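Residue strings, one per chain:
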Amino acid sequence: MAKRTVLSVLALLLIAAVPAFAQITVSLNGNVTSDGKPLPGVTVTISSPQMQGTRTTVTAETGEYNFANIPPGTYSVEFALEGMKPIKRSVTIGLSQTGRADADMKVANVSEAITVTASAPAVLETTQVAANVPQKLLNELPAGRTITAAVSLAPGVSPGVGGFSISGAPSFDNLYLVNGVTVSENVRGQPHNLFIEDAIQETTIVSGSVSAEYGRFTGGVVNTITKSGGNEFSGSYRDGFTNPKWVSKTAWPTEADHVNTTSQIHEGTLGGYFMKDRLWFFGSGRKAKTSTQSFTQLTNIGYANAFNEKRWEGKLTGQINPRHSLVVDYLDITNTEANNNFNNQSADLESLVPSRDLPNSIKSVFYNGQFATNLLLEGSWTKKYFAFKNSGSPFTDFVHGTLIRDTVRTIRYASATFCGVCDTEQRNNKSYNAKLSYFLGSSATGTHTLATGFESFDQMRYANNFQSGSNYRVLPFNASKIVGTDVYPVLNSNSELVWTPIFDAANFGHFKTNSFYVNDKWDLSSKWSFTLGVRYDKNNAKDGNGHVVSDDSAFSPRLAAAYDIRGNGHQKVNVSFARYVGALAENIGESFASVGQPAYIEFAYRGPAVNTGTTLTDKYAALAIIQNWFFNTVGGPEAALKDPSLVVATSLPGFSTQLRGKLVSPHADEWSVGYGHQVTSNAYFRADYIHRTFKDFYGSLLNLGTGTYTDPFGNKGDLATVINDSDLKRNYRAIQFQGAWNPRHFQLGTAYTFAHNEGTTETETAGSGPVSVAVNSFYPEFLNYAQRVPYGRLTTDVRHRLRLWAGYDLPTPAFLGKFNITALHSYSSGTPYSAVGTIDPSGRNSGFRYAGAPCTGTNTCPGNPGYTLSQLSTSQNYFFSARGAFQTAALQSTDMSLNWELPVSRVALFAKGDVLNIFHRSAVVTPNTTVVTRRTSATNGLTPFNPFTQTPIECPQGAAAADCTAMGANWQKGPQFGQATGPNSYQTPRTYRFAVGVRF
């Protein structure tokens, strides 16, 4: 009775589930021959601890067979035909990969025997450029056990602006999946930690020649799957220990002592069955109170960035009957963070968020059905939820709720960014997917593994985007003074007060993409195979106002050919072409909406000068002075808006930037060629050349033809629109290499990338994700100078990146347990950076423009052809060097792990100790990039210049003001340019950590 009840519930779930493809299965194929000739009619049976029951098929007239829609794992493959010797093979198939097991059958004789052979690595089986990282490897390596730790071991990966760049793409444009659910954060595109490390089975990173089954990215696909139950009970408990005191100090001479607080991360898993081969369960949990030693920017005040987090996951895998199965998964996170530092720019403790909550969860239902031997259906429904609660300043008054943002020193102080007591922001998504697979084989046309599918993805965001607790920000536009751990704002006629009110309350926007794809894996002969695929993506994006942002569509061909040199799968040459269409950026699309978006109104500060002499006034006293001037003397924002001499710029959502036409999704075109070689049964390597060109990035258009607008205050301004700008360029060329050798008791693996990544702009920021970039089409009469957005090395242009790991099982007596020592060496050549300063192309900054040059004489300002200049900031970038002209020192680290395991019957005790950066290298990874001009300092002896007609002259770093004047120099590197600014500037120093536990 109980069994019938359970089966009935599963059946009802199956009926209720909307069929959709969850991207959590793999395929296995092969060719059966006899004396080199195709052998049809062979019965092929597969079984695996990861699969319920067995699956059986019969080879086609070509001798080929195929199993689609099976879970990743290790498979036993049995070949049987009357009168022939049976053969048994073993093959391991990683997530997002294809496994292959061939067999050459002989006529049976008296001494029949089962032959067991190994298979070729799955990485060589397809044209897809992918690296599979089993969690077992991460457990042994001295590395993190997270998704991003797995990504860091793959070729084609480099540090990006906000996360990892894969194959040259912006870091926001990768697709991260956990159990088929998109876990990328809506704005910045980074993966949420929706996993429990001990529950992860494996992670695959796909960086080139990606199948048409994947879309909404221009970078790579990172696919992670967690464990399921099985016909045997298994589980684990792990306790990990960290302590800031176990982290050595960096080379910074005045680094504060680290706090001595031991943090523990508890993890537990349990899997098994309710009914063997019918209903499996898997559950896992994680509880962590962790604390990381951090420091404020420039002032170097030590503080603990702490998390109190609980995660749990529950998964059921049920087989309705041998042809239909269902997987239901739920993972939930509650997480409280103390002392969040926005963008790592806080210069005091008051600008940290004291406590915020970050609830997060994913749900999924996955269906797999076999309607005929060669016809299968997959489907899924998924949903993700994420929210920010109390994420910002706890104060709303002007003095304590106003953020001071120093753009010269790139620091924030006095109050936290955003408002923590105003509203809760949500960033969610949901999807419906379906996939149909069909296998067809004939001697005339070869074999075809066909897949066609549909995906509907909806990304939703609800946000009242308050920029501070008080709705005000102060921009000194002068370098703040730092005395010890105190920061003093310098206020004069260059300074501004920014008002950021929200006039229209938030509403959910929906950024939908409906996609169709067809993919054919065509094996023409034993040597030639082709992949013929195409994907169609249709945007239906509406902002919070309900206005259509994008309804464009795009086709993405995915074409590849492979040549097997010897016809045995050991040496293959691949070539491919692919187009990848990215997801439409939500924060770009929502920028036209009025709901939830802040206005941005800049007022010139005309109050008393503060901290311009030797007497220093603290930040809150300075804010009180600004408050008195603005509200009492001026009369507040309404009065200030009526005074043209005070209004510097206005930008009101729904007014200052409007959408004319529709946006299209950025895309990338890729060519690749590769060679893979299985050297021995336990050694292989693969090298791929990848070339990508990225197009259709977001730009801003504002010229005399775009017209003007009138805001609710009666102010006229210049109207801008966001466009797909063809002047924005980004190009990637790379050789991606990977290899492994795993003899008995030893393992060796490597991933190496040689790359060039160049362009005109990063197209993203760490804090905001994708951004629209103003190039030649934005105020062209004022901003079209050569060194504003030059073409050159992007920050992701890390020329050489190597990961090399080796492990050895020590020969020890059984009663002592098993010992394994593993080393990981990481090397990255330096990261490019530039000498960038700011100039004022508007001529409004105290009568100065062009880095301090008056609008007179040889530096006469261009005539204003009729703009209000409402959106022309007085601070515009000027590249005093070529883009990427400088480079940090090479970053390298050698990490070591000692693993111990003592089996006791079915239970094993284990312990692990890690030493990271064992040689305590201390390269500077985030150097000071301050550039000094006449605008930033009137006492440095520098001369103004005209960016349209002059090439600025550099004064040697550290030279006296008189020397700079004598040589007519225009700019100078700051005294700490290229050097560390505090402990945060260095790579992670030597670190110790430990873990103990039990598994069975």
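A quick note: this is a predicted structure, and the numbers were derived from the prediction, not measured.

(A) Examining the state of the cysteines more closely. Using the criterion set out here, one finds two disulfides in the structure. Note on cysteine connectivity: cysteine 955 is disulfide-linked to cysteine 964, with sulfurs 2.1 Å apart. The chirality of the disulfide connecting cysteine 955 with cysteine 964 is left-handed, given an S-S dihedral of about -80°. The same class applies to cysteine 955 as to cysteine 964, namely buried.

(B) Summary view of the side chain of glutamine 987. Within the secondary structure, glutamine 987 sits in the loop between strand S64 (971-973) and strand S65 (991-999). Within the structure, the side chain of glutamine 987 is placed 3.3 Å from the backbone oxygen of glutamine 892, a separation counted as a polar contact. Not counting the four nearest positions on each side in its chain, glutamine 987 is found in contact with Leu891, Gln892, Ser893, Asn917, Arg921, Ser922, Ala923 and Val925.

(C) The packing of aromatic side chains, seen in detail. Under the defined criterion, the tally for this structure stands at 43 aromatic pairs. Ring centres of tyrosine 65 and phenylalanine 79 lie 5.9 Å apart, and the angle between their planes is 70°; this geometry places the pair in the edge-to-face category. Taken together, the positions of tyrosine 65 in strand S5 (residues 64-70) and phenylalanine 79 in strand S6 (residues 73-80) put the pair 14 residues apart, joining distant regions of the chain. Judged on exposure class, the residue tyrosine 65 and its partner phenylalanine 79 are both buried. Taking 4.9 Å as the distance between ring centres and 80° as the angle between the ring planes, the aromatic pair formed by phenylalanine 386 and phenylalanine 388 counts as edge-to-face. Like phenylalanine 388, phenylalanine 386 is buried. The positively charged end of arginine 216 is found above the aromatic ring belonging to phenylalanine 457, 3.7 Å away from the centroid.

(D) Expanded view of empty space enclosed by the protein. Applying the stated criterion to the full structure yields ten cavities of 30 Å³ or more. Forming the walls of the largest cavity are 35 residues, and the residues nearest its centre are Ser27, Thr98, Ser211, Glu213 and Asn519. At the level of elements, strand S1 (26-34), S5, strand S28 (425-442), strand S29 (446-462), strand S34 (509-523), strand S37 (553-564) and strand S38 (571-581) are the ones that each hand at least two residues to the lining of the largest cavity. Classifying every residue of the lining of the largest cavity gives eleven nonpolar, 19 polar and five charged. The calculated volume of the second largest cavity comes to roughly 300 Å³. Lining the second largest cavity are 24 residues, and of these Phe172, Asn186, Gln459, Ala583 and Leu584 lie nearest its centre. Here the lining of the second largest cavity takes three residues from S34, the largest share from any one element. Considering only residue class, the lining of the second largest cavity consists of ten nonpolar, nine polar and five charged.

(E) Focus on the sheet that holds strand S11 (residues 129-134). If you walk across this open sheet you meet the five strands as S11-S16-S17-S14-S15, and the pairing is mixed. Single-partner strands in this sheet number two, and they are S11 and strand S15 (181-182). Sheet topology places strand S14 (residues 175-178) next to S15; two bridges connect them, and they run antiparallel. Directly across from leucine 177, in S15, lies its bridge partner threonine 182.

(F) Focus on the side chain of aspartate 895. Assignment of secondary structure puts aspartate 895 in strand S60 (residues 891-904). Although buried, aspartate 895 forms no salt bridge, and the nearest oppositely charged side chain, arginine 993, lies 7.0 Å from it. A polar atom in the side chain of aspartate 895 sits 2.9 Å from the side chain of serine 893. At a separation of 2.6 Å, a polar atom in the side chain of aspartate 895 contacts the main-chain amide nitrogen of asparagine 917. Those residues within four positions of aspartate 895 in sequence are excluded, and the remaining contacts are Pro142, Thr822, Ala823, Leu824, Val915, Leu916 and Asn917.

(G) Spatial organisation of the sheet that holds strand S30 (residues 472-475). Pairing within the open sheet is mixed, and its six strands lie in the order S27-S26-S30-S33-S39-S40. Strands at the two margins of the open sheet, each flanked by one partner only, are strand S27 (411-413) and strand S40 (647-651). Each neighbouring strand pair of the sheet contributes to a mean axis angle of 20°, computed without reference to strand direction. Pairing between strand S26 (residues 403-406) and S27: three bridges, direction antiparallel. Bridging from a neighbouring strand, isoleucine 404 pairs with tyrosine 413 of S27. Against the sheet, helix H6 (residues 619-634) makes contact with S26, S27, S30, strand S33 (496-499) and strand S39 (600-604), and its axis sits at roughly 110° relative to S30, the strand it touches most.

(H) Quick peek at the environment of phenylalanine 233. Here phenylalanine 233 is to be found in the loop between strand S17 (221-226) and strand S18 (234-242). By relative accessible area, phenylalanine 233 is classed as partly exposed at 36%. Along the sequence, phenylalanine 233 and tyrosine 273 sit 40 residues apart, while their C-alpha atoms lie 7.1 Å from each other. Sequence-distant contacts of phenylalanine 233, that is, excluding residues within four places in its chain, are made with Gly271, Gly272, Tyr273, Phe281, Arg906 and Phe1000.

(I) Examining H6 more closely. Taking 1.5 Å as the rise per residue, H6 with 16 residues should run 22 Å; its terminal C-alpha atoms sit 21 Å apart, in good agreement. Of all the residues in H6, the buried ones are Lys619, Ala622, Leu623, Ile626, Trp629, Phe630 and Val634. Viewed along the axis of H6, the buried residues span an arc of 125°, placing them on a single side of the element. Seen from the buried face of H6, the exposed residues on the opposite side, beyond 90 degrees, are Asn632 and Thr633. The distance from a side-chain oxygen at the start of H6 to the backbone nitrogen of tyrosine 620 is 2.9 Å, and the residue carrying that oxygen is aspartate 618. Glycine 635 sits one or two residues past H6 and shows a positive phi near 105°.

(J) Fine view of the pairing of S6. Of the pairings in the sheet, the one linking strand S3 (residues 43-47) to S6 comprises five bridges and is antiparallel in character. Note that in S6 the partner of threonine 45 across the bridge is glutamate 78. Sheet topology note: the S6/strand S7 (residues 87-93) ladder contains seven bridges and is antiparallel. Bridged to serine 76 within S7 is serine 90. In sequence, S6 turns back onto S7 through a hairpin of six residues, with glycine 83 there showing a positive phi of about 90°.

(K) View of the pattern of salt bridges. All told, the structure shown has 36 salt bridges when counted by the stated rule. Salt-bridge contacts for arginine 145 lead to aspartate 198; the nearest nitrogen and oxygen are separated by 2.8 Å. In this pair, arginine 145 sits in the loop between helix H2 (135-140) and helix H3 (147-151) while aspartate 198 sits in the loop between S15 and strand S16 (200-208), placing the two residues 53 residues apart along the sequence. On the basis of relative accessible area, arginine 145 is assigned to the buried category, the value being 9%. Among the ionic pairs, arginine 535 bridges to glutamate 455, the shortest N-O distance being 2.7 Å. Placement of the pair is arginine 535 in strand S35 (residues 528-542) and glutamate 455 in strand S29, with a sequence separation of 80 residues. Under the relative-accessibility criterion, arginine 535 is labelled buried at 0%.

Thresholds applied
- Within any chain, residue numbers begin from 1 and follow the written order of that chain's sequence.
- Given that the model is predicted, a residue must reach a pLDDT of at least 70 before its local features are reported, and side-chain atom pairs must reach 80 or more before they are shown or counted; all residues, however, enter totals for whole chains, interfaces and linings.
- Note that water and hydrogens are dropped before the side-chain values are worked out from all heavy atoms of the structure.
- Two cysteine sulfurs form what is called a disulfide whenever their separation falls within 2.5 Å.
- Burial here depends on accessible area, computed with a 1.4 Å probe over protein chains only, as a share of the maximum for the residue type. Under 20% is buried, over 50% is exposed, and the range in between is partly exposed.
- Helix numbers and strand numbers start at the N terminus; a helix is a DSSP run of H or I with at least 4 residues, a strand a run of E with at least 2.
- Definition of a polar contact: a pair of N or O atoms within 3.5 Å, with one able to donate and the other able to accept a hydrogen when the atoms are protein atoms, and with sequence-neighbouring residues admitted only if both atoms are side-chain atoms.
- By definition, residues are in contact when any of their heavy atoms lie within 4.5 Å.
- Pairing of aromatic rings covers Phe, Tyr and Trp, the last through its six-membered ring, and needs centres within 6.5 Å; plane angles under 30 degrees mean stacked, over 60 mean edge-to-face, and all others mean tilted.
- As a reminder, the over-ring test applies to NZ of lysine and CZ of arginine, requiring each to be within 6 Å of the ring centre and within 35 degrees of the ring normal.
- Residues are called lining when one of their atoms sits within 4 Å of a cavity or pocket point, these points coming from a 1 Å grid over the protein atoms alone, where a cavity is a set in which a 1.4 Å probe fits but cannot get out and a pocket is an open set with protein on both sides within 12 Å along at least five of seven lines.
- Grid points are joined across faces, edges and corners, and a volume is the space filled by probe spheres set on the points.
- Asp, Glu, Lys and Arg are counted as charged, while Ala, Val, Leu, Ile, Met, Phe, Trp, Tyr, Cys and Pro are counted as nonpolar; the rest, among them Gly, fall into the polar class.
- Two strands pair under a simple rule: DSSP has to find at least two bridges between them.
- The sign given to each residue is positive for Lys and Arg and negative for Asp and Glu; His and the chain ends receive no count.
- Basic side-chain nitrogens of Lys or Arg form a salt bridge, by our definition, when they fall within 4 Å of a carboxyl oxygen of Asp or Glu.
- The axes are straight lines fitted to the C-alpha atoms, using for helices just the contacting stretch, and the angles between their N-to-C directions are given from 0 to 180°.
- For a helix, the expected span equals 1.5 Å multiplied by the residue count minus one.
- The arc under discussion is defined with respect to the helix axis, by the directions toward the C-beta atoms.

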